[in-house]
Amino acid sequence: MTLLKILRYPDKRLHRVATSVKHVDKRIRNLVANMAETMYLAPGVGLAATQVDVHERIIVVDVSDTHDALYTFINPDIIWSSEKRQVNEEGCLSVPGIYESVERANQVCVRALNENGEEFELECKEFMAICIQHEIDHLLGKVFVEYLSPLKQIQIKTKMKKLNHAM
C-alpha cells in the first residue's frame, strides 16, 4: 500500500471537478486501497480522490469506531435527500484543525459502484449521510468552508495559507 499526499485548502486543485470512472479495474482497486489506508492513518472518516489529486469520482468512507466498515463509492450520485436538515460540526483532512457548523440533509440515498464495479444503492442517515454529502462535494470541486460566511472563508483561507507556508 502507498500513503497518498492529501492536498490542503486553499490548493486550487481541490476545486477541480472529478470525471467519471470508465472501468473499475486493478488501477482503481489499488487507488481505493491506498485512499483507505491514507484516510485511516490521517485519521479521518472519509476521503475523496480529489483530495489526493486524482480527479476521478471515487470516495471512501468509514464512520465506524472500529475502522472495519469501509464503503467504497465509485461514480456516486445522491438520488434522494430528505427535506429534514441538520446542522453539525464538520472537519476535513484538507482543512486540518478547522471545525465549523454546516447544514446538510439528514438522510440521503446514494447510488454508486463498489470496488468490484457492481452497482448498489445505500440509504444513509445522520453522520454517514453527512460524510457522503461532504465527500461528494469534493468530487464537485467544493470544500465545506464554502458553506460558511465570506468573512469566515477569508479567515480560514488566511489561517491555512500561514499553516501551509510554515510546513
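The coordinates are above.
Here the structure is a predicted model, which means the values were calculated and not measured.

(A) Spotlight on the pattern of salt bridges. Scanning the model with the defined rule gives 9 salt bridges in all. A salt bridge links R104 to E90, with the shortest nitrogen-to-oxygen separation between them at 2.6 Å. With R104 in strand β5 (residues 95-105) and E90 in strand β4 (residues 85-92), this residue pair connects regions lying 14 residues apart in the sequence. Judged by relative accessible area, which is 3%, R104 ranks as buried. The class for E90 is buried, based on a relative accessible area of 4%.

(B) Quick peek at the sheet that holds strand β1 (residues 46-48). As summarised here, the arrangement of the 5 strands in space is β1-β2-β3-β6-β7, forming an open sheet in which the pairing is antiparallel. The sheet is open, and its two borders are formed by β1 and β7 (119-125), each paired with just one other strand. Across this sheet, the average inter-strand angle for adjacent strands is 40°, counted without regard to direction. Bridge analysis of strand β6 (residues 107-113) against β7 gives 7 bridges, and the strand direction is antiparallel. By the bridge assignment, L113 is partnered in β7 with E119. Along the sheet, helix α1 (residues 26-41) contacts β1, β2 (58-61) and β3 (71-81); its crossing angle with β2, the most-contacted strand, is approximately 40°.

(C) How the structure looks around the environment of A112. Tracing the backbone shows A112 in strand β6. For the pair formed by A112 and D77, sequence separation is 35 residues and the distance between their alpha carbons is 6.4 Å. When neighbours within four sequence positions are excluded, A112 is seen to be in contact with F73, I74, N75, P76, E118, E119 and F120.

(D) Seen up close, the packing of aromatic side chains. Enumeration over the complete set of coordinates arrives at 2 aromatic pairs. When the centroid spacing of 6.0 Å and the interplanar angle of 25° are considered together, the rings of Y71 and F73 count as stacked. What makes Y71 partly exposed here is its relative accessible area of 33%. The exposure class of F73 is buried, given its relative accessible area of 0%. Between the aromatic rings of F73 and F120, the centroid separation amounts to 5.6 Å while the plane-to-plane angle is 40°, which identifies the pairing as tilted. Placement of F73 in strand β3 and of F120 in strand β7 is noted, with a sequence separation of 47 residues between them. Feature note: the residues Y71, F73 and F120 constitute an aromatic cluster, connected by ring pairs. Directly above the aromatic system of Y147 lies the positively charged group of K142, at a separation of 4.0 Å from the ring centroid.

The rules behind each value
Residues numbered from 1 in each chain as written. Predicted model: local features only at pLDDT ≥ 70, side-chain atom pairs only at ≥ 80, totals over all residues. Heavy atoms only, no water. Salt bridge = Lys/Arg side-chain N within 4 Å of Asp/Glu carboxyl O. Helix = DSSP H or I, 4+ residues; strand = E, 2+ residues; numbered from the N terminus. Buried < 20%, exposed > 50% of the residue type's maximum accessible area, 1.4 Å probe, protein only. Pairing = 2+ DSSP bridges. Axes fitted to C-alpha atoms, helices over the stretch in contact; angles between N-to-C directions. Contact = heavy atoms within 4.5 Å. Phe/Tyr/Trp six-rings, centres within 6.5 Å; stacked < 30°, edge-to-face > 60°. Lys NZ or Arg CZ within 6 Å of the ring centre and 35° of its normal.

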